[in-house]
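Coordinate analysis (summary)
Listed below are the residues making up each chain.
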Amino acid sequence: MSRRRATALGGVGTGGGSDALDADVLVLGGGPAGTWAALAAATTGARVVLADKGFVGTSGAAAAGGNNLWYVPDEGDRRERAVRAREERGAHLTDRTWLRRLVAETWDRVGDLEAWGYPYPTDAAGRLRRSSLQGPEYMRLMRRQVLRAGVTVLDQSPAQRLVQDADGVVVGATGVHRQRGNAPWTVRAGAVVLATGGCAFLSGALGCNPDTGDGHLMAAELGAELSGMEFSSVYGMAPAFGAQTKGRMYQFATYYDGDRNPVDAAGFSGREVVARTLAAGSPVYARLDLAPPALREALRWSQPNFFLPYDKAGIDVFTDLFEVRLVLEGTVRGTGGLAVVGDGCETTVPGLYAAGDVASRELVTGAVSGGGSHNGAWAISSGTWAGTAAASFARRRGPAPRATTVPDEGRAGTGGSSSGRGTTVPREVVRDVQAEVIPLERNLFRTEHGLRGSLARLDAPWADAVPDLDASAEPAKAREAAAMVAHARWMYRAALARPESRVIHRRDDHPDLDERLTHRIRVGGLDEVWTRPEVPVREEERAS
Ligand SMILES: Cc1cc2nc3c(=O)[nH]c(=O)nc-3n(C[C@H](O)[C@H](O)[C@H](O)COP(=O)(O)OP(=O)(O)OC[C@H]3O[C@@H](n4cnc5c(N)ncnc54)[C@H](O)[C@@H]3O)c2cc1C
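What counts and what doesn't
- Residues numbered from 1 in each chain as written.
- Predicted model: local features only at pLDDT ≥ 70, side-chain atom pairs only at ≥ 80, totals over all residues.
- Heavy atoms only, no water.
- Pairing = 2+ DSSP bridges.
- Helix = DSSP H or I, 4+ residues; strand = E, 2+ residues; numbered from the N terminus.
- Axes fitted to C-alpha atoms, helices over the stretch in contact; angles between N-to-C directions.
- Contact = heavy atoms within 4.5 Å.
- 1 Å grid on protein atoms, 1.4 Å probe; cavity = no way out; pocket = protein on both sides within 12 Å on 5 of 7 lines; lining within 4 Å.
- Points joined across faces, edges and corners; volume = space filled by probe spheres on them.
- Nonpolar A, V, L, I, M, F, W, Y, C, P; charged D, E, K, R; others polar.
- Expected span 1.5 Å × (residues − 1).
- Buried < 20%, exposed > 50% of the residue type's maximum accessible area, 1.4 Å probe, protein only.
- Near = heavy atom within 4 Å.
- Polar contact = N/O pair within 3.5 Å; in protein donor to acceptor, adjacent residues only side chain to side chain.
- Areas by Shrake-Rupley, 256 points an atom, 1.4 Å probe, with all protein chains shown as cover.
- Parallel < 35°, antiparallel > 145°, perpendicular 65-115°, else oblique.
- Left-handed = near helix turned anticlockwise from the far one by under 90°.
- pLDDT = per-residue confidence, 0-100.
- Domains from an automatic or database assignment.
- Buried area = accessible area lost by both parts, 1.4 Å probe.
- Salt bridge = Lys/Arg side-chain N within 4 Å of Asp/Glu carboxyl O.

The next thing to look at is the sheet that holds strand 13 (residues 262-266). With antiparallel pairing, the 5 strands of this open sheet are ordered in space as 11-15-14-12-13. Of all the strands in the sheet, the pair left with one neighbour each is strand 11 (234-239) and strand 13. If you compare each strand with its neighbour and ignore which way they point, the axes differ by 40° on average. The pairing of strand 14 (residues 284-287) with strand 15 (residues 322-330) spans 3 bridges and is antiparallel. When the sheet's bridge partners are listed, Ala286 is paired in strand 15 with Phe322. Sheet contacts for helix 7 (residues 271-279): strand 11, strand 12 (254-256), strand 13, strand 14 and strand 15; angle to strand 15, the most-contacted strand, approximately 100°.

Written as structure tokens, this is what we have:
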């Protein structure tokens, strides 16, 4: 990899930051997907700018949570069996070709992490345990690698809107420097990779508050299509007093109702009973009493951040009952996002690529959550593919033209005037969206009646409040509010178009899976939201 001068602008203490930059590839979002994309593009010799809403290395879901990976050696038929298993679990919405690519690419890139010095622990036999990455170490390393590769990093610099040329090709973006009084920035680029994460609706779930669906909105303003948005009702379990949603340990849980009587639920499969108990208004308590005593110390070492809040509160999770709640993680650990239509993670808009959670992960995880293995692998692999493809696209096209346009449609959450001064406070719009997407009885246990009611209450703010959002004080907050309204409307329209229950997506009025709906669903549009079935998943895949 070629080494160039490391640059980080706009962060605390740098006092710098340029208002207008040129690049071959602009990457928006600096979680795992964005940093892998930036590295892949820089490796080809491209000039790369990476802009993040927060601080690259600590912002986003992976930095806080860490990632176990889908990591399968190429031995005998192990990978092929893993592919088939995922097809089953994903209820046959995956694509076999993509699954095979994913497992191979992830394996190779995890090898890169080792070469860069990631501190993998060893197992009892002295072998490196490479299938799990601790968030802080992982993302600190990715920041270092990106800077070493000569990428210009704009910290605390949320992107606001994409920029197109006269041919409709994406040639850059605009945004603001949060720590420089929201001074505007513009980057002109040959291609753009969106890696802004999913959307968890500011629910407070661990690491997810920067993920407000901004990238989805920017792309949809240019007509990008989305897919799998009905698979958006993932909730993480957390202590009632906190936001720690690391979930793996709950495989050892038994659950108790408000009177501390056991409810008929244990492990992961008990989630639905827990959710229904909570939705009925009863508190739920948990205890990890199914964890074998001999394993408990090892569990502490494998997931230190899970134990932290309980230890601080003086709770022994193996012996004490503790109250739990479910926190919305939306399309972070859900599946939906921008439709990916080519091997380089091209979106349906030329010059625009999507990686990580901003992209639909249906191709590799289907209707089941990718959290726990496939999402982390997808962030690495899709980032690598998107960064490489974007660099190649930029090279083929040559320098981005100077005359560029920000389309008129990109006005949601910009105050409707050049001053950005509207009369609607973003916080109020956020509160209204949260009222529709956070309650379990609305989002997790869906019905046609409930979805239509929510949509009526979401369509109104989209038409009235969003164009009038006050963006003058905090432009990024206004865009976040607009993005969340758009996200919720895509989710619920897609949910209406899937009258069945399929893994994540539950319809209480259609509790069974309907074989005829074994296809992915595209959704798009802003003022008028549309849905349509994608070409059915290949028959031969389902038959074999
Ligand atoms: C608690 C928890 C545990 C998890 N555990 C696992 C696991 O074990 N295995 C697994 O496979 N997956 C797991 N996941 C999911 C996994 O973390 C995500 O799939 C992964 O982080 C996706 O990477 P990403 O880069 O797309 O998004 P993120 O890591 O969320 O990063 C998105 C980045 O985009 C930035 N951004 C957002 N908006 C803008 C904007 N407007 N402009 C510029 N930048 C912006 C954010 O600041 C952030 O840095 C877990 C998730 C959570 C919440």
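The rest of the description comes next.
This part takes up empty space enclosed by the protein. A complete count under the given rule lists 3 cavities of 30 Å³ or more for this structure. Quantified by volume, the largest cavity comes out at close to 50 Å³. Lining the largest cavity are Gly65, Gly66, Asn67, Asn68, Ser132, Leu133, Gln134, Lys246, Ser302, Gln303, Pro304 and Asn305. Secondary-structure elements contributing two or more residues to the lining of the largest cavity are strand 4 (67-68), strand 5 (132-133) and helix 9 (304-312). Across the lining of the largest cavity, the residue classes tally to 2 nonpolar, 9 polar and 1 charged.

Helix length check: helix 15 (residues 475-496), at 22 residues, gives a terminal C-alpha distance of 32 Å against a target of 32 Å (1.5 Å per residue), a fit within 8%. When you tally the buried positions in helix 15, you get 20 out of 22 residues, the bulk of the element.

With that settled, the discussion passes to the site of the ligand. Near the ligand you find 39 residues, and of these Asp52, Ser59, Asn68, Asp211 and Gly376 are the closest. Between Gly66 and the ligand, the recorded distance is 3.3 Å, taken from a backbone N or O atom to a nitrogen atom. Contact with the protein chains removes 99% of the 1000 Å² of surface that the ligand exposes when unbound. Among the secondary structure elements, those contributing two or more residues to the shell around the ligand are helix 1 (32-43), helix 2 (61-65), strand 4 and helix 11 (374-397). With 4 residues, the single largest contributor to the shell around the ligand is helix 11. By residue class, the composition of the shell around the ligand is 12 nonpolar, 20 polar and 7 charged.

Let's shift gears to the packing of helix 3 (residues 78-89) against helix 4 (residues 96-116). Interhelical geometry of helix 3 versus helix 4 gives an angle of 130° and a closest axis separation of 10 Å. What the angle tells us is that helix 3 and helix 4 run oblique. Handedness of the crossing formed by helix 3 with helix 4: right-handed. The residues of helix 4 that touch helix 3, namely those facing Arg79, Glu80, Val83, Arg84, Arg86 and Glu87, are Arg96, Leu99, Arg100, Val103, Ala104 and Trp107. Looking at the contact of helix 3 with helix 4, its residues break down into 5 nonpolar, no polar and 7 charged.

Attention now moves to the confidence of the model for the protein. When pLDDT is averaged along the protein, the result is 91, and 92% of the positions lie at 70 or above. In this model, residues 9-18 is a region of pLDDT below 50 whose contacts with residues beyond four sequence positions or in other chains number 22 contacts.

A few words now on the domain arrangement of the protein. Here the protein is described as being made up of domain 1 (235-328) and domain 2 (426-543). Domain 1 and domain 2 are separated by 29 Å when their C-alpha centres are compared. With 8 residues of domain 1 at the interface, the matching set in domain 2 holds 10 residues. Of the roughly 750 Å² buried between domain 1 and domain 2 on both sides combined, carbon and sulfur atoms contribute 66%. For the domain 1 face of the interface with domain 2, the top three residues by lost area are Tyr235, Arg276 and Leu328, together amounting to 61%. One salt bridge connects Arg276 with Asp508, and the closest N-O pair in it is separated by 3.0 Å. The interface formed by domain 1 and domain 2 holds 3 residue pairs in polar contact (both at pLDDT 80 or more) in total. Elements that contribute at least two residues to the side of domain 1 that touches domain 2 include exactly helix 7 and strand 15. For the side of domain 1 that touches domain 2, the class distribution of residues is 6 nonpolar, no polar and 2 charged.

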